[in-house]
Amino acid sequence: MQQSKIRNIIHPFPCIGIFPYKYYFCTTMMKIIFALTFALLFNHYSFSQTVDEKPLKKKTKFQAGFYLGSYFSNKHTARLYDGYGYDADGNRNEFVNNFTVEESSFMYRKIVMEYGGGYGQADQIAIALGVDPGQWTFDETDMPAGMRYNPAFMVGAQLSYAVTKKDAVLVNVNAAKLTLSGHFTIVLTSPPIGPQQPGFQNIQTFGISGSEQRLMFQAGYRRLLGDDEIFNFFIEGGPTLNMTEYSGNSIAINNLRIDLGTYYSQPFYTTYRARYLRGASIGAFAGLGMNIQANQNWALQLLYSPSYEKINIGEVPRPTLHHALGLRAIYSL
């Protein structure tokens, strides 16, 4: 039964490497990169025609800039959003606890007990599914599998100080709001219409989602490579501090949306919220990219930046690798 359900779960994301990536997101980013690169090349051509006619202004050592890109998070902490949930002491819930409902999984309590008529109320799940009350089942084999973070937009600001013509110390502040997605199933037990193959199961697939916020502070060193006045590769790196906070977790059964995060808002979860749903941790970041000097004041940087850090939320967090890719514009003050 479980294998047949897994075969019916469809993952709608094409992949680039190991990261799920939506087509519209990829094409939009490529259009931005091509447009900005073309503008900079045109600006460079115009600047190169007049550089011999006007004396260059002396640059200051301080630089400020902004960043826009995409962020790919490791899936390690995605387990926090898979519908099982945790009790107030930080222990992961069982799917069904035979001794106390309060230590059963969030999805079982919501789908079966609260919305499925478990307390003698109306079977709202059947209404959402369009079947008669009780003509559906939900067990542990229906629970979500493969929860992943979606690619997220990241915005940020940078301040740097040029120690030499090629070397600078820098401070970056980046922020991102991440979303997660996955799927779970419900089996309809109502008699099918028309002839069916032996062993047929009417398995319906639905979505589960989560969200969280991250704020990252980076302090480090950058060095330009090469002697070209316009195009240079560069490297950077240093320590990073991330601050992460859980935002929400919900499921949708057709038009019925159910909030799984309501349990964490209960008063006796105060200690749990402070310890497991928000946290900070120190790691390290690196960067590799191309610096394009548009004119005397503006430069554009195409940057790939991996980081190795612990996202300090959920159960037993550990350091993992994360990735960012984007554009940074820098102005010499």
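On a predicted model such as this, the values are computed, not experimentally measured, just so you know.

1. Concerning the overall build of the chain
Moving on, step 1. Tallying secondary structure elements over the chain gives five helices and 13 strands in all.
Moving on, step 2. The proportion of buried residues among the 333 residues of the chain is 44%.
Moving on, step 3. At a minimum sequence separation of 6, the contacts of the chain that also span at least 24 residues come to 70%.
Moving on, step 4. Surface accessibility of the chain: about 17900 Å² in total, with carbon and sulfur atoms responsible for 61%.

2. Quick look at the pattern of salt bridges
Moving on, step 1. Using the criterion set out here, one finds nine salt bridges in the structure.
Moving on, step 2. The shortest N-O distance in the salt bridge between E114 and K110 comes to 3.4 Å. Of the two residues, E114 and K110 both sit in helix α3 (residues 106-114), four residues apart, roughly one turn of that helix.
Moving on, step 3. In this structure, R278 and E245 form a salt bridge, with 3.5 Å as the shortest nitrogen-oxygen distance. With R278 in strand β11 (residues 278-293) and E245 in strand β9 (residues 231-253), the pair connects residues that are 33 residues apart, well separated along the chain.
Moving on, step 4. Assessed through its relative accessible area of 33%, E245 is described here as partly exposed.

3. A look at the nonpolar core
Moving on, step 1. Core analysis: the largest hydrophobic core is formed by 54 residues, its most contacted members being I111, I125, W136, F138, F184 and I253.
Moving on, step 2. When residues no more than four places from it in sequence are discounted, the contact partners of I125 are I111, Y115, G116, W136, I186, I253, L256 and I258.

4. Focus on the packing of aromatic side chains
Moving on, step 1. According to the stated counting rule, one finds 16 aromatic pairs in the structure shown.
Moving on, step 2. Here F268 and Y269 contribute two aromatic rings whose centre-to-centre distance is 5.4 Å and whose plane-to-plane angle is 35 degrees, an arrangement assigned as tilted.
Moving on, step 3. Using a relative accessible area of 56% as the deciding quantity, one classes F268 as exposed.
Moving on, step 4. Grouped by ring-pair contacts, the aromatic residues Y81, Y86, F106, Y246, Y263, Y264, F268, Y269, Y272 and Y276 constitute a single cluster.
Moving on, step 5. Across the ring face of Y263, the terminal group of R109 is positioned such that the distance to the ring centre comes to 4.0 Å.
Moving on, step 6. In this structure, R214 packs its charged tip against the face of Y149, placed 5.1 Å from the ring centre.

5. What about the side chain of N249?
Moving on, step 1. Tracing the backbone shows N249 in strand β9.
Moving on, step 2. At a separation of 3.4 Å, a polar atom in the side chain of N249 contacts the main-chain carbonyl oxygen of Y81.

6. Focus: the pairing of strand β8 (residues 202-225)
Moving on, step 1. Sheet analysis places strand β7 (residues 167-188) next to β8, joined by 22 bridges and oriented antiparallel. For K177, the partnering residue across the bridge sits in β8 and is Q213.
Moving on, step 2. Across 17 bridges, β8 lies against β9 in antiparallel orientation. Bridging across to β9, Q213 finds its partner in E245.
Moving on, step 3. With antiparallel pairing between neighbouring strands as the criterion, β8 and β9 make up a hairpin whose turn holds five residues, including G226 at a positive phi of roughly 95 degrees.

Conventions and cut-offs
- Residues numbered from 1 in each chain as written.
- Predicted model: local features only at pLDDT ≥ 70, side-chain atom pairs only at ≥ 80, totals over all residues.
- Heavy atoms only, no water.
- Helix = DSSP H or I, 4+ residues; strand = E, 2+ residues; numbered from the N terminus.
- Buried < 20%, exposed > 50% of the residue type's maximum accessible area, 1.4 Å probe, protein only.
- Contact = heavy atoms within 4.5 Å.
- Areas by Shrake-Rupley, 256 points an atom, 1.4 Å probe, with all protein chains shown as cover.
- Salt bridge = Lys/Arg side-chain N within 4 Å of Asp/Glu carboxyl O.
- Core = buried A, V, L, I, M, F, W, Y, C linked by side-chain atoms within 4.5 Å.
- Phe/Tyr/Trp six-rings, centres within 6.5 Å; stacked < 30°, edge-to-face > 60°.
- Lys NZ or Arg CZ within 6 Å of the ring centre and 35° of its normal.
- Polar contact = N/O pair within 3.5 Å; in protein donor to acceptor, adjacent residues only side chain to side chain.
- Pairing = 2+ DSSP bridges.

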